[in-house]
Amino acid sequence: MKKVHIKTYGCQMNVYDSQRMADLLSPLGFEETATPEDADLVILNTCHIREKASEKMYSDLGRLKPHKEARQEEGKSQIIAVAGCTAQAEGAQIMKRMPLVDAVFGPQSYHKLPEIIARAMRSADKEERRGRGILEVDFPAESKFDSLPDARAQGPAAFLAIQEGCDKFCHFCVVPYTRGAEFSRPAADVLKEAKALVDQGVKEITLLGQNVNAYHGDGPGGGTWSLGRLIMEMAQRLPDLRRLRYMTSHPRDVDESLVAAHRDVGILMPYLHLPVQAGSDKILKAMNRQHTRDTYLRILDQFRNARPDIAFTSDFIVGYPGETEEDFEDTLRIVREVGYAAAYSFAYSKRPGTPAAALEHQVAEEVKKERLSRLQALLQEYQKAFNASMIGRTIDVLFERDGRYEDQLMGRSPYLQSVHVKAPKRLMGEILPVTITGATLSSLSGQLDIIDA
Ligand code: SAH
Ligand code: SF4
Ligand code: F3S
């Protein structure tokens, strides 16, 4: 048995990609290991979204050096590969800066992993290879999905990528460059992968895409399916599937079929991540978001009308070039108006090659920091209040993993809250009603209504 260590940075799509890489490597005799020291192959699946994320990759590579050298002294080789969005963006530069890297490949090329590894292994110990590793950062004509083996389930909740890439070109964002143009998998492929997961006991599927509601996959009988249609068909065709989610959506791509899916499909969870980024129309325009504050709020109303118990989450960027104190207060105002159940928020990070990086009026780091902490304090108030509103309610919980204590399990509510419950191990993978008795900023605790001794 050979060993592979995969480290994942960034978003859920990268988590999915890492799992698929492990699925590809398993038939080649690679078993996963949690530590890089004993690995024959180390893959860093990187993220390029903010400067910090790509810096982290370089410091992690620096830390791998002594392990690789120690193994070489023992006569054992170690292949180091960089995958993901930083690989796509920086390509050969990574090997130049870090000669210990044997291979660099982008998010659309990882189906070539068996071939990449075979080549890297042949040349790993040769002196003349130095600085001349393997580079795969083209966007290949064939879809990687056609070459991947069946997905292996890793528990009762699974990710399923249905769409990739982005054509929106928000002016701050690298994703359109690292993931390429929008692409939707044919609906038949999605249904097949979903069925394989459900057959392995998966109860909850989260459909993934950089812009998942831009989904327009070929339908099995001709025509194209929207995301709303796909969700309805999945619910009908997979009776053992109990929960569906999707992320991340763009307000521009919300259509009637998606709103209807929230009204008509019981297994579609009443929880929607719909990033707004900022509350000021001036900033939204400068960001090229292609929606205003008002059109965004009206979209939320449509979802609320379709599904009154729906809750929303968002991403925010503070300190976008040109953001004044007034603009920032518009962001605080939209938070109060919507009352988000949870949210991610970031200080704007200048990314090479994006239009916003070249703008004048960049906001000073101290100002960004100060605004971010004010925004986060407000978001946390709402998150705490949302969690506290669950106390006394009985909600369905999908038990997903062991809890903090021996006699506990950890599960997820419909709103993705972590719920700690005293429960026997045999309930793992079940969905059961739990009465919530406690709430903190980040989790809930509760009691199972019925436990048969
Ligand atoms: N496709 C998704 C998510 C993209 S990346 C969407 O459209 O919302 C996830 C989040 O990272 C974004 O929503 C944004 O809030 C943040 N982000 C992207 N680029 C950034 C940058 N240059 N600086 C800070 N945050 C950024
Ligand atoms: Fe980036 Fe905007 Fe595309 Fe989201 S919609 S991935 S933020 S360019
Ligand atoms: Fe990062 Fe690429 Fe995801 S840049 S956020 S890993 S799409």
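In the block above lies the structure referred to throughout.
On a predicted model such as this, the values are computed, not experimentally measured, just so you know.

## As for the sheet that holds strand 7 (residues 157-161)
Through backbone hydrogen bonds, the strands of a sheet pair up, either in parallel or in antiparallel fashion.
Line of reasoning, step 1. With parallel pairing, the three strands of this open sheet are ordered in space as 7-10-13. Single-partner strands in this sheet number two, and they are strand 7 and strand 13 (243-247). When strand polarity is set aside, the average angle formed by the axes of neighbouring strands in this sheet is 20 degrees.
Line of reasoning, step 2. As paired elements, strand 7 and strand 10 (residues 204-208) share five bridges and run parallel to each other. Residue Ala-161 lies in a different strand from strand 10, and its bridge partner there is Leu-208.
Line of reasoning, step 3. This element, helix 1 (residues 12-25), spans strand 7, strand 10 and strand 13 of the sheet and lies at about 95 degrees to strand 7.
Line of reasoning, step 4. Helix-sheet contacts for helix 7 (residues 187-199) involve strand 7 and strand 10, and the interaxial angle to strand 7 is about 165 degrees.

## Considering the site of ligand 1
Line of reasoning, step 1. Near ligand 1 lie 15 residues; those nearest to it are Phe-172, Gln-210, Gln-277, Asp-315 and Ser-349.
Line of reasoning, step 2. A distance of 2.6 Å is found between a nitrogen atom of ligand 1 and a backbone nitrogen or oxygen belonging to Gln-210.
Line of reasoning, step 3. At 2.7 Å, a side-chain N or O of Gln-277 approaches an oxygen atom of ligand 1.
Line of reasoning, step 4. Considered on its own, ligand 1 offers 540 Å² of accessible surface; in the complex 89% of this is hidden by protein.
Line of reasoning, step 5. Where the shell around ligand 1 is concerned, the elements lending two or more residues are strand 15 (311-318) and strand 16 (342-347).
Line of reasoning, step 6. Taken together, the residues of the shell around ligand 1 sort by class into seven nonpolar, four polar and four charged.

## Thoughts on the packing of aromatic side chains
Line of reasoning, step 1. Summed over all chains, the structure comprises seven aromatic pairs.
Line of reasoning, step 2. For the ring pair Phe-386 and Tyr-415, a centre distance of 5.3 Å and an interplane angle of 85 degrees mean the geometry is edge-to-face. With Phe-386 in helix 13 (residues 365-388) and Tyr-415 in the loop between strand 18 (408-412) and strand 19 (418-422), the pair connects residues that are 29 residues apart, well separated along the chain. Of the two residues, Phe-386 and Tyr-415, neither departs from the other in class, the shared state being buried.
Line of reasoning, step 3. Members of the aromatic cluster, each reached through a chain of ring pairs, are Phe-172, Tyr-320 and Tyr-348.
Line of reasoning, step 4. Its guanidinium or amino end placed over the ring of Phe-346, Arg-50 lies 3.6 Å from that ring's centre, counting from NZ or CZ.
Line of reasoning, step 5. Stacked on the ring of Tyr-58, the Lys or Arg Arg-97 has its end atom at 3.5 Å from the ring centre.

Calculation notes
- Residues numbered from 1 in each chain as written.
- Chains lettered and ligands numbered in written order.
- Predicted model: local features only at pLDDT ≥ 70, side-chain atom pairs only at ≥ 80, totals over all residues.
- Heavy atoms only, no water.
- Pairing = 2+ DSSP bridges.
- Helix = DSSP H or I, 4+ residues; strand = E, 2+ residues; numbered from the N terminus.
- Axes fitted to C-alpha atoms, helices over the stretch in contact; angles between N-to-C directions.
- Contact = heavy atoms within 4.5 Å.
- Near = heavy atom within 4 Å.
- Polar contact = N/O pair within 3.5 Å; in protein donor to acceptor, adjacent residues only side chain to side chain.
- Areas by Shrake-Rupley, 256 points an atom, 1.4 Å probe, with all protein chains shown as cover.
- Nonpolar A, V, L, I, M, F, W, Y, C, P; charged D, E, K, R; others polar.
- Phe/Tyr/Trp six-rings, centres within 6.5 Å; stacked < 30°, edge-to-face > 60°.
- Buried < 20%, exposed > 50% of the residue type's maximum accessible area, 1.4 Å probe, protein only.
- Lys NZ or Arg CZ within 6 Å of the ring centre and 35° of its normal.

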